[in-house]
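# Architecture and fold: a report
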Amino acid sequence: MKFYAAQIQAIAEALQNIFREGAYADKEIARVLKADKRRGSQDRAFIAEHTYGIVRYYRLYTHLAGGEPQSKSDWWRLIGIHLLASGYTLPEWREFAGLDAETLGAQLAEAREQRVLRESIPDWMDAVGTEQLGEAWPATIAALNDQAPVVLRVNRLQADPDRVTRELAKDGIKVKPLAEDALIVTERKNLFRTHAFRNGLFEVQDYSSQQAAPALQVEPGQLVIDACAGAGGKSLHLAALMENKGRLLSMDIHGWKLDELKRRARRNGVTNLETRPITTTKIIKRLTGKADRVLLDVPCTGLGVLRRNPDAKWKLSPETIDRVVAEQDGILSSYSRMVRPEGKLVYATCSILPRENSERVDHFLNSEEGKDWVLEESKSFLPQRDGYDGFFVSRLLRTR
Ligand SMILES: C[S@@+](CC[C@H](N)C(=O)[O-])C[C@H]1O[C@@H](n2cnc3c(N)ncnc32)[C@H](O)[C@@H]1O
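Every chain is numbered on its own, with residues counted from 1 as its sequence reads. Side-chain atom pairs in this predicted model are given and counted only at pLDDT of 80 or more, local residue features only at pLDDT of at least 70, and totals for whole chains, interfaces and linings cover all residues.

## Observations regarding the overall build of the protein chain
- The numbering of helices and of strands both runs from the N terminus, where a helix is a DSSP run of H or I of at least 4 residues and a strand a run of E of at least 2. Along the backbone of the protein chain there are 19 helices and eleven strands.
- Against the 2.2 N^0.38 benchmark of 21 Å for 400 residues, the protein chain shows a C-alpha radius of gyration of 23 Å, consistent with a compact globule.
- The principal-axis extents of the C-alpha atoms in the protein chain amount to approximately 70 × 50 × 35 Å.
- Field definition: a residue is buried when 20 or more other C-beta atoms are found within 10 Å of its C-beta, exposed when 12 or fewer are, and partly exposed for counts in between, with C-beta atoms placed from the backbone. Within the protein chain, buried positions represent 40% of all 400 residues.
- Long-range pairs, those at least 24 residues apart, make up 68% of the contacts in the protein chain between residues at least 6 apart in sequence. Taken over C-alpha atoms, the radius of gyration is set against a globule rule of 2.2 Å times the number of residues to the power 0.38. Whether two residues are in contact is decided by their C-beta atoms, placed from the backbone, lying within 7 Å.

## Observations concerning the sheet that holds strand E5 (residues 223-226)
- Strand pairing is assigned whenever DSSP detects at least two bridges linking the two strands. Pairing is mixed in the open sheet, where seven strands are placed in the order E7-E6-E5-E8-E9-E11-E10. Looking along the sheet, the strands with just one partner apiece sit at the ends: strand E7 (273-277) and strand E10 (373-381). Strand after strand, the sheet turns through a mean of 15° between neighbouring axes, direction not considered.
- Strand direction decides the pairing type here: strand E8 (residues 291-297) and strand E9 (residues 339-349), joined by six bridges, are parallel. Along E9, the bridge assignment pairs Asp297 with Ala348.
- In this description, a line fitted to the C-alpha atoms serves as the axis of each element, helices being fitted only across the stretch in contact, and the angle between N-to-C directions of two axes falls anywhere from 0 to 180 degrees. The sheet strands contacting helix H14 (residues 255-267) are strand E6 (247-252) and E7, and the helix crosses E7 at an angle near 170°.
- Helix H18 (residues 358-365) contacts E9, E10 and strand E11 (391-398) of the sheet and is inclined by roughly 175° relative to E10.

## Focus: the site of the ligand
- Only the C-beta atom matters for this test: placed from the backbone, it must lie within 6 Å of a molecule or strand for the residue to be near it. Inspection of the region around the ligand gives 17 residues, with Cys228, Gly230, Gly233, Lys234 and Asp297 positioned closest.
- Of all the elements in the fold, those that place two or more residues in the shell around the ligand are helix H13 (233-241) and helix H17 (318-335).
- Any residue that is not Ala, Val, Leu, Ile, Met, Phe, Trp, Tyr, Cys, Pro, Asp, Glu, Lys or Arg is counted as polar, Gly included; the first ten are nonpolar and the last four charged. Among the residues making up the shell around the ligand, the classes are represented as eight nonpolar, four polar and five charged.

## Digging into the nonpolar core
- Here a nonpolar core is just a set of buried residues of the types Ala, Val, Leu, Ile, Met, Phe, Trp, Tyr and Cys, joined wherever their C-beta atoms sit within 7 Å. Counting 75 residues, the largest nonpolar core has Ile225, Leu238, Val294, Leu296, Val346 and Tyr347 as its most contacted members.
- Each domain's limits were defined by an automated method or a database of domain assignments. A domain-level breakdown of this core finds at least three residues from each of domain 2 (151-204) and domain 3 (209-398).
- In contact with Leu238, not counting residues within four places along its chain, are Ala213, Leu216, Val218, Val224, Asp226, Leu248 and Leu295.
- In this structure, Ala25, Tyr58, Leu78 and Leu83 belong to the second largest nonpolar core, which totals 27 residues.

## Some remarks on the UniProt feature "domain: SAM-dependent MTase RsmB/NOP-type" (unreviewed entry) in the protein chain
- UniProt positions are given in the numbering used here, feature names are shortened, and annotations may be inferred rather than shown by experiment. According to UniProt, the "domain: SAM-dependent MTase RsmB/NOP-type" (unreviewed entry) feature falls on residues 140-399.
- Secondary structure within residues 140-399 divides into 32% helix and 25% strand; the distance between the first and last C-alpha atoms comes to 36 Å.

## With respect to the packing of helix H5 (residues 72-85) against helix H6 (residues 101-111)
- Taken N-terminus to C-terminus, the directions of H5 and H6 make an angle of 85°; their axes are 10 Å apart at the nearest point. Classed by the angle they form, the pair H5 and H6 counts as roughly perpendicular. Contact with H5, carried on its side by Ile81, Leu84 and Ala85, involves Ala101, Leu104 and Leu108 of H6 and no other residues of that element.
- Taken together, the residues that form the contact of H5 with H6 break down as six nonpolar, no polar and no charged. For classification purposes, an angle smaller than 35 degrees is called roughly parallel, one larger than 145 roughly antiparallel, one from 65 to 115 roughly perpendicular, and anything else oblique.

## Describing the packing of helix H1 (residues 5-20) against H5
- Close contact between H1 and H5 brings their axes to 10 Å; oriented N to C, the two are set at 110°. Considering their axes alone, H1 and H5 lie roughly perpendicular with respect to each other. Across the interface between the two elements, Ile8, Ile11, Ala12, Leu15 and Gln16 of H1 pack against Lys72, Trp75, Trp76 and Ile79 of H5.
- Split by residue class, the contact of H1 with H5 holds seven nonpolar, one polar and one charged.

## Overview of the sheet that holds strand E2 (residues 175-177)
- Taken together, four strands build an open sheet; the order of strands is E2-E3-E1-E4 and the sheet is antiparallel. Strands at the two margins of the open sheet, each flanked by one partner only, are E2 and strand E4 (202-204). Looking at each pair of strands side by side, their axes are set apart by 30° on average, direction ignored.
- In the sheet, E2 pairs with strand E3 (residues 182-185) via three bridges, with the strands oriented antiparallel. By the bridge assignment for E3, Val175 is matched with Val185.

## Concerning the environment of Ala65
- Here Ala65 lies in helix H4 (residues 58-65).
- Residues Ala65 and Leu104, spaced 39 residues apart in sequence, show a C-alpha to C-alpha distance of 9.8 Å.
- Discounting residues that sit within four places of it in the chain, Ala65 has contacts with Arg77, Leu78 and Ile81.

## Digging into the domain arrangement of the protein chain
- You can read the domains of the protein chain as domain 1 (5-120), domain 2 (151-204) and domain 3 (209-398).
- Across the contact, ten residues belong to domain 2 and eleven residues belong to domain 3.
- Counted by class, the side of domain 2 that touches domain 3 contains three nonpolar, three polar and four charged residues.

## Some thoughts on the pairing of E7
- Relative to E7, E6 runs parallel, the two sharing five bridges. The residue bridging Ser250 from the neighbouring strand is Thr275, located in E7.
- By definition, the crossover connecting two strands over a helix is right-handed if that path, from the first strand to the second, turns clockwise as seen with the strands pointing away from the viewer. Between E6 and its parallel partner E7, the chain crosses via H14, and the hand of that crossover is right-handed.

In structure tokens, the structure reads:
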């Protein structure tokens, strides 16, 4: 394989912004790719893949490099280590001088004896994972370093799985049925440029995340609230399950995310959705006892989706966990009031930690606010066991 200095420079620039300026990997990669429109698709894929690869194994590679990069040449060297460790032959460039496959192979084998280096995670994360997941932790963190499968959710408002399969085949994209509404992509290509995507026939949504909306057991005609809707992955699914009938209120504290949701709703042919930014607590109070169903897809550490967002390894801290847990308790206790008696609520996270999942539900049920609630069903999804993102879904019933 022939390398180009411009590719390596683009990766180095993205990495510096991610690690030194706190940029999010996905946004930074998108920015770097957009900055030079002349790049071909292979070049773009190379930059994205290897930037993510180095973010994922940053601790391992900086260990092999003997410290964190300080200068431009250190970043190039780090990229060289990654490429060599990934089986590439390096060009004879001055920046890669002194890197050889044999020496690196021996160093890698030794480093990989230690889990924190092999899986490339901070010590505190390994301690939390061990404490929270016990024997399941080593396999969980190993699976969270794998490449995530690409799963589609067929938008039943506008298509069925056969039609999506046929339409994508026209663009050279192959998919296989996974479950009723889910298709798995067997060959990676740019899905977002396809006619099928632009016409709202499907959304890209991990299979675990596709479990949240059905768990709420919505029916056409109900008043359903998605209270942490964000850009609306689950709202769109709820609207499809409601067959566009009834009222779907999508709320979030960030109005700009709801703007994106409106755009997606139009593409998806959703007509029963209304967005409402949560600007004061009154917005919630006014809805007390009104909703048939409430979805709480709460903010979380995202430890279940490290495959997609590996930079969370370096951005999270034990303090972040304490902060999100407090937010999760606050949201559960105040937003649950919007559910009418005999109505239902789903609490969901993309975390693998019981502390953010079952323990929050138990905490709520044992609190004053939770006294009229019972647990109907909880499910945890683990990447190594179930094959998709780490996720948690719990359905509660309000008894009176
Ligand atoms: C896990 S994300 C939601 C993802 C979204 N449901 C989806 O399927 O695409 C959590 C969302 O909660 C929002 N959020 C954070 N604190 C909130 C609060 N106090 N009330 C409502 N939404 C909140 C965040 O802005 C974020 O969009």
